[in-house]
Amino acid sequence: MNNFIELSNLSKAFVTQRRINVLKKINYKFKKGKIYSLIGPSGSGKSTLLNILSLIDRPTSGSILIENNQIDFENSKKNDLIRARKIGIIYQQDNLLSDFTAIENIYLASLAAGNKKDFAIKKSKNLLRRVGLTGRSNHYPSQLSGGEKQRISIARALINNPQIILADEPTGSLDLDTAKSVFEILKKQINPNRIIIFATHNRFFADKSDCLLEIVNGNINTIDA
Ligand SMILES: Nc1ncnc2c1ncn2[C@@H]1O[C@H](COP(=O)(O)OP(=O)(O)OP(=O)(O)O)[C@@H](O)[C@H]1O
Ligand SMILES: [Mg+2]
């Protein structure tokens, strides 16, 4: 009964000059306490699925239940709040705000979830310590290395203690050693009440998850569980 995210007949098509059916009636239940990796060739729909799970994009048909509550994709205000409170998102390229320092990038996500500034700053300092970047608190993104930026992105994704962490190729732009250290930090964030799902092209990291999922022809294949 620890199902946490349930996809029912989830489909997504993009219609430009022609219609591309990217996700085709996916049925899948993600369980709490696990880290999932999502693999599949370029263009298979990994980012598409993560964008729908982050409630940024909407499915063409089908539904998503989070903790047994069906997501209403018409209600973007409510979904913005769900995202701010429950979901932490990490992208391949750092998505930090360039005009804000490392610590500001982290605590702004806490303010967005409705928290007070004192509380947000205190939590940000703790998170900076957890990702080993206390000394970079006042650096702007342009003054950080790629690996440091990804660690700040992880800290930002964690600040609201999200139950769901979605990461789209979080180590994709890093050299192998840096990628390994960033991945270890990500993996440490798993706990019994949380789900982590990350897309990757790197089989080495994919194999380190609890459950390896592959998108094949618009569907999810479980490679191991
Ligand atoms: N906004 C969009 N409009 C039209 N087509 C899109 C759009 N977004 C994605 N697609 C198409 O959907 C398919 C899946 O794209 P997606 O970005 O999900 O792939 P991916 O598995 O993340 O690939 P990669 O490994 O390269 O990141 C691709 O064929 C892409 O061209
Ligand atoms: Mg992608």
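The structure displayed is predicted, hence computed values, not measured ones.

Visitor: Please set out the site of ligand 1 residue by residue, giving values where relevant.
Guide: Surveying the vicinity of ligand 1 reveals 13 residues, the closest of which are Ser-42, Gly-43, Lys-46, Thr-48 and His-201. In the model, an oxygen atom of ligand 1 is placed 2.7 Å from a nitrogen or oxygen of the His-201 side chain. For ligand 1, whose accessible area on its own is 640 Å², the fraction buried by protein is 62%. Per-element accounting of the shell around ligand 1 gives the leading share, three residues, to helix α1 (residues 46-53). Of the residues assigned to the shell around ligand 1, the class counts are three nonpolar, eight polar and two charged.

Visitor: Tell me what's going on with the pattern of salt bridges, and back it up with residues and numbers.
Guide: With the rule as written, the count across this model stands at six salt bridges. A salt bridge links Arg-83 to Asp-80; its shortest N-O distance comes to 3.1 Å. Within this pair, Arg-83 and its partner Asp-80 are both found in helix α2 (residues 76-86), separated by three residues, close to a single helical turn. The partly exposed category is assigned to Asp-80, whose relative accessible area is 41%.

Visitor: I'd like a description of the pairing of strand β4 (residues 61-66), backed by residues and values.
Guide: Looking at chain direction, strand β1 (residues 3-15) and β4 are connected through five bridges and run antiparallel. Residue pairing across strands places Ser-11 opposite Ser-61, the latter belonging to β4. What sits between β4 and strand β5 (residues 69-70) in their antiparallel hairpin is a turn of two residues, with Glu-67 showing a positive phi close to 50°.

Visitor: Before we move on, can you summarise the packing of aromatic side chains with the specific residues and values?
Guide: Geometry of an aromatic ring pair is reported as the spacing of the ring centres plus the angle between the planes. Scanning the entire structure with this criterion turns up six aromatic pairs. A ring pair is formed by Tyr-28 and Phe-30, whose centres lie 4.8 Å apart and whose planes are at 65°; its orientation type is edge-to-face. On the basis of relative accessible area, Phe-30 is assigned to the buried category, the value being 0%. Pairing Phe-183 with Phe-198 gives two aromatic rings, centres 5.2 Å apart and planes at 65°, and the pair type is edge-to-face. Note that Phe-183 is positioned in helix α6 (residues 176-188) and Phe-198 in strand β8 (residues 195-199), a separation of 15 residues in sequence.

Visitor: Tell me what's going on with the sheet that holds β1, and back it up with residues and numbers.
Guide: Across the sheet, four strands lie side by side as β2-β1-β4-β5; this open sheet has antiparallel pairing. Edge strands, defined here as strands with exactly one partner in the open sheet, are β2 (19-31) and β5. Pairing of β1 with β2, which is carried by nine bridges, proceeds in the antiparallel orientation. In the sheet register, Leu-10 faces β2, and the bridge partner there is Ile-26. Against the sheet, α1 contacts β1, β2 and β4, and its axis sits at roughly 120° relative to β1.

Visitor: Describe in detail the nonpolar core, supporting the description with residues and values.
Guide: With 32 residues, the main nonpolar core has Ile-5, Leu-7 and Ile-64 as its most contacted residues. Counting residues per element, this core draws most heavily on β2, at five residues. Setting aside chain neighbours within four positions, we find Leu-7 in contact with Ile-26, Asn-27, Tyr-28, Phe-30, Leu-49, Leu-53, Ser-63 and Ile-64. Ranked by size, the runner-up nonpolar core spans 30 residues in total, among them Tyr-107, Ala-120, Ile-165 and Ile-185.

Visitor: Got a sec to walk through the packing of helix α5 (residues 146-158) against α6? Specific residues and values, please.
Guide: Between α5 and α6, the shortest axis-to-axis distance is 10 Å and the interhelical angle comes to 10°. By the angle class used here, α5 and α6 are roughly parallel. Facing Gly-147, Gln-150, Arg-151 and Ile-154 of α5, the residues of α6 in contact are Thr-178, Val-182, Ile-185 and Leu-186. Across the contact of α5 with α6, the residue classes break down as four nonpolar, three polar and one charged.

Visitor: Give a detailed account of the side chain of Gln-150, specifying residues and quantitative values.
Guide: Positionally, Gln-150 belongs in helix α5. A distance of 2.7 Å separates the side chain of Gln-150 from the backbone oxygen of Pro-170, its partner in a polar contact.

Visitor: Give a detailed account of α5, specifying residues and quantitative values.
Guide: Taking 1.5 Å as the rise per residue, α5 with 13 residues should run 18 Å; its terminal C-alpha atoms sit 19 Å apart, in good agreement. With twelve of its 13 residues buried, α5 lies for the most part within the structure. Within α5 the residues assigned to the buried category are Gly-147, Glu-148, Lys-149, Gln-150, Arg-151, Ile-152, Ser-153, Ile-154, Ala-155, Arg-156, Ala-157 and Leu-158. Looking at the buried residues of α5, the elements they touch are β6 (87-90), α3 (102-112), α4 (117-130), β7 (164-168) and α6.

Here is what the cut-offs are and how they apply
Residues numbered from 1 in each chain as written. Chains lettered and ligands numbered in written order. Predicted model: local features only at pLDDT ≥ 70, side-chain atom pairs only at ≥ 80, totals over all residues. Heavy atoms only, no water. Near = heavy atom within 4 Å. Polar contact = N/O pair within 3.5 Å; in protein donor to acceptor, adjacent residues only side chain to side chain. Areas by Shrake-Rupley, 256 points an atom, 1.4 Å probe, with all protein chains shown as cover. Helix = DSSP H or I, 4+ residues; strand = E, 2+ residues; numbered from the N terminus. Nonpolar A, V, L, I, M, F, W, Y, C, P; charged D, E, K, R; others polar. Salt bridge = Lys/Arg side-chain N within 4 Å of Asp/Glu carboxyl O. Buried < 20%, exposed > 50% of the residue type's maximum accessible area, 1.4 Å probe, protein only. Pairing = 2+ DSSP bridges. Phe/Tyr/Trp six-rings, centres within 6.5 Å; stacked < 30°, edge-to-face > 60°. Contact = heavy atoms within 4.5 Å. Axes fitted to C-alpha atoms, helices over the stretch in contact; angles between N-to-C directions. Core = buried A, V, L, I, M, F, W, Y, C linked by side-chain atoms within 4.5 Å. Parallel < 35°, antiparallel > 145°, perpendicular 65-115°, else oblique. Expected span 1.5 Å × (residues − 1).

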